[in-house]
Amino acid sequence: MIYLDNNATTPLDPAVVEAMLPFLTESYGNPSSGHRFGREARYAIDLARKRVAALLDCDPSEIVFTSGGTESSNAAINSALQFDPARRQIITSVVEHSAVRRHCQAWQGQGCNVTFLGVDPDGNLDLDELEDAIGPETAIVSIMSANNETGVLFPIERIAEICRTKGVLLHTDAVQAVGKMPIHLRKSGIHFLSLSAHKFYGPKGVGALYIKKGTPFRPSIIGGGQENSQRAGTENVASIVGMGKAAERSGESLAEEETKVRPMRDSFERAIARDVTDVTINGQRSARLPNTSNLSFSSIEAQSALILLDQLGICCSAGSACRSGSTDASHVLNAMQLPEDRLRGSLRFSFGRFNSDQDLTKAIESVPAVVKKLRQLSKPAHPKIPVTLHH
Ligand code: PLP
């Protein structure tokens, strides 16, 4: 199989599995226990925290382990709203992942004022519109770092500067950015950042929330006081260890994202643009993640392409994989004002550091073949010849 769906999830790095195994077998202590088993688990969690902090260039005390990107983003937004009841506005974008978008909609249902900023056809925000939207009622601005469907990057440091000037909190969903591009939180004005291990070759169901030192925070999950009373519940030790190892490995191979992954993605796009007519590369004119290619082919149904590609051993995604099973048009491409025909024929290919040159060759062969086949099938088998009746 050729796995080109790394934005949906990544395979586990073998080094991550190896690091986790002892904590699934003999090292089963509860990190809150005072005995040696407990201390062993506590030490492993502390090491993982240091490794995640190193990847993000922040202090380990600023990292809170969670169950993943969704929980981290929910926690940041909830905290901001709880902190100052006078501030009832959230500012976000229309292209956020459902982890943020649906959460904001839920708050809207509870009477919050949610501003959804739109994007232009290249997937970019209007920063003047963002600045104008911030007012005395704004509790938090939540804008993603990198889009999961198109890979388009938002200028998060410029956004942080606007938020700093206006005195409002900023959360960024960096689930797709972490491990694919350098992040330097020490120098940044970002208050909260969400990340998820399974997007950078770690296990599923574990993530973290970065909370900048000094930022007010009220936890969403309250109980036994773990994670310095910021996220209760006995720690998922093996997964946290796996996340720490994944962070370390991602830091070591970050350069490969530019030297290996980006050239692979760019060669793929060049080949498709050469061999297929009527294709657009969504977000191509914007700054993008090095690994993501979102293509729209006219006159095909993405779901059918997905099935044919799967039969040829190629895994990709129609729109966002997190919405798989849904045939709704992508809210991201919709916001970018793609015409109906292009919306229906959109596929996302996301490369990763475990893809090989052979994977690329096979994809370059298969994708044009599948598109041609579907276009032929969509033409009527017996084209209607205008018939003129002569009496
Ligand atoms: N945010 C983005 C941008 C994502 O791509 C995803 C996963 O697809 C999530 C959040 C959700 O993360 P998790 O699966 O860890 O809850």
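It should be emphasised that the depicted structure is a prediction, and the values quoted were computed from it without experimental measurement.

1. Some thoughts on the confidence of the model for the protein chain
With 95% of its residues at a pLDDT of 70 or more, the protein chain shows a mean pLDDT of 94. This model gives residues 320-325 a pLDDT under 50, and the stretch forms 13 contacts once residues within four places in sequence are excluded. Note that residues 385-391 has pLDDT below 50 and, in this model, zero contacts with residues that lie over four places away or in other chains.

2. As for the nonpolar core
Burial of nonpolar side chains together is a common tendency in soluble globular proteins. Formed by 65 residues in total, the largest nonpolar core has its most connected members in Leu56, Ile159 and Leu193. In contact with Leu56, not counting residues within four places along its chain, are Ile63, Val178, Ile183, His184, Leu185, Leu193 and Leu195. Counting 29 residues, the second-largest nonpolar core is a separate cluster that includes Ile2, Ile281, Ala302 and Ala305.

3. Here we look at the environment of Leu254
Looking at where Leu254 falls in the secondary structure, it is placed in helix H9 (residues 254-275). Distance in space between the C-alpha atoms of Leu254 and Thr292 is 16 Å, their sequence separation being 38 residues.

4. Here we look at unusual backbone geometry
Although it is not a glycine, Tyr201 sits at a positive phi angle of roughly 70°. Structurally, the position occupied by Tyr201 is in the loop between strand E7 (192-196) and strand E8 (207-211). Judged by relative accessible area, Tyr201 falls into the buried class, the value being 5%. In this model, Gln337 sits at a positive phi of 60°, which is unusual for a non-glycine residue. By the element assignment, Gln337 lies in the loop between helix H11 (331-335) and helix H12 (340-344).

5. Thoughts on helix H8 (residues 237-252)
Relative to the 22 Å expected for 16 residues at 1.5 Å per residue, H8 spans 23 Å between its end C-alpha atoms, a close match to the ideal helical length. Of all 16 residues that make up H8, 12 are buried, and the element is covered over most of its length. Those residues of H8 lying buried are Val237, Ala238, Ser239, Ile240, Val241, Gly242, Met243, Gly244, Lys245, Ala246, Ala247 and Ser250. Buried residues along H8 sit against helix H1 (14-24), helix H2 (36-56), strand E2 (63-66), E7, E8 and H9.

Thresholds, definitions, all that
Residues numbered from 1 in each chain as written. Predicted model: local features only at pLDDT ≥ 70, side-chain atom pairs only at ≥ 80, totals over all residues. Heavy atoms only, no water. pLDDT = per-residue confidence, 0-100. Contact = heavy atoms within 4.5 Å. Core = buried A, V, L, I, M, F, W, Y, C linked by side-chain atoms within 4.5 Å. Buried < 20%, exposed > 50% of the residue type's maximum accessible area, 1.4 Å probe, protein only. Helix = DSSP H or I, 4+ residues; strand = E, 2+ residues; numbered from the N terminus. Expected span 1.5 Å × (residues − 1).

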